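Spelled out from the first residue to the last, the chains are:
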Amino acid sequence: MDADTVVGTELRGLRRRRPEIAGTVLAGTDGLLISSDPPSTDATHLAALAAASFGLGHRVADTVQRGEFRESVVCTTAGCVVTYPAGRTALLTLVTLSAAEDLEALHEEARAVARRAGSVLDRRGGAVGATSIQDAHGPLAVRTPMATLPAQLRRSSRPTWRRPPI
């Protein structure tokens, strides 16, 4: 059985077992859609927002130094949107119909699905997301040595302007 079939089966099974889930989205950490079981909103937009939410949550967890990021939860008057890491390069996002009465039970089951789907995606070996979760705190920018720039971009040793006479 290929990775896409396994992941699709996991997502559909989670929705069958948990009727309060309106939709599921599996996305890369770069925000690109991998798979979805249609939520009430556009899956590609939700995938991008989930990656942004994950990145922010991961940074907050790192800043407060209270352990590893586990999930991001956004609760509204009509339900919740929960994002979990799924392996090194993917995210599982759930959209619930209403505020789940037993959110902790939902978390436990969703974390298990995220672990299984993530391990399948990790074994597949293809880079799903732009950056893996372990590399999420790499440098934001890398300096380029002047020697590697094209000659026209390097500063010349003589000035290109002259001071006007006083």
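Above this note sits the structure.
Because the structure is predicted, anything quoted here is derived from the model rather than measured.

Quick look at the nonpolar core now. Ranked by size, the top nonpolar core spans 19 residues in total, and within it V7, L26, Y84, L92 and L94 carry the most contacts. Contributing elements (two or more residues each) for this core: α1 (3–17), β1 (21–28), β4 (79–86), β5 (90–96) and α3 (103–124). Sorting elements by how many residues they give to this core places α3 first, with seven residues. Setting aside anything within four residues of it in sequence, one finds L92 in contact with L11, V25, L26, V82, T83, Y84, A86, A110, V113 and A114. Formed by seven residues, the second largest nonpolar core is a distinct cluster that contains A22, V25, L46 and A47.

What follows deals with the pattern of salt bridges. Under the counting rule described, the total for this entry stands at eight salt bridges. Among the ionic pairs, E109 bridges to R17, the shortest N-O distance being 2.4 Å. With E109 in helix α3 and R17 in helix α1, this pair connects stretches of sequence that are 92 residues apart. The exposure class assigned to R17 is partly exposed, which follows from its relative accessible area of 44%.

Turning our attention to helix α2 (residues 43–64). Its 22 residues place the ends of α2 31 Å apart at the C-alpha level, agreeing with the 32 Å of an ideal helix rising 1.5 Å per residue. Buried within α2 are the following residues: A43, L46, A47, A50, A51, F54, G57, H58 and A61. End-on, the buried residues of α2 take up no more than an arc of 140 degrees, which puts them together on one face. Away from its buried face, by an angle of more than 90 degrees, α2 presents the exposed residues H45, L49, L56 and T63. Buried positions along α2 lie against β1, β2 (33–37), β4 and β5. With its phi angle positive at about 50 degrees, Q65 sits one or two positions after the end of α2.

Take L32: it is sitting in the loop between β1 and β2. If we skip the residues at most four places from it in the chain, L32 touches A27 and A47.

Once that is clear, we can look at the sheet that holds β4. Ordered by their spatial adjacency, five strands build an open sheet running β2-β1-β5-β4-β3, and the pairing between neighbours is antiparallel. The open sheet is flanked by β2 and β3 (72–76), the only strands paired with a single partner. Across the sheet, the mean angle separating the axes of adjacent strands is 15 degrees when strand polarity is ignored. Here β4 runs beside β5; their pairing, made up of six bridges, is antiparallel. Following the sheet pairing, A86 is matched in β5 by A90.

Procedures and definitions
Residues numbered from 1 in each chain as written. Predicted model: local features only at pLDDT ≥ 70, side-chain atom pairs only at ≥ 80, totals over all residues. Heavy atoms only, no water. Core = buried A, V, L, I, M, F, W, Y, C linked by side-chain atoms within 4.5 Å. Buried < 20%, exposed > 50% of the residue type's maximum accessible area, 1.4 Å probe, protein only. Helix = DSSP H or I, 4+ residues; strand = E, 2+ residues; numbered from the N terminus. Contact = heavy atoms within 4.5 Å. Salt bridge = Lys/Arg side-chain N within 4 Å of Asp/Glu carboxyl O. Expected span 1.5 Å × (residues − 1). Arc of directions from axis to C-beta. Pairing = 2+ DSSP bridges. Axes fitted to C-alpha atoms, helices over the stretch in contact; angles between N-to-C directions.

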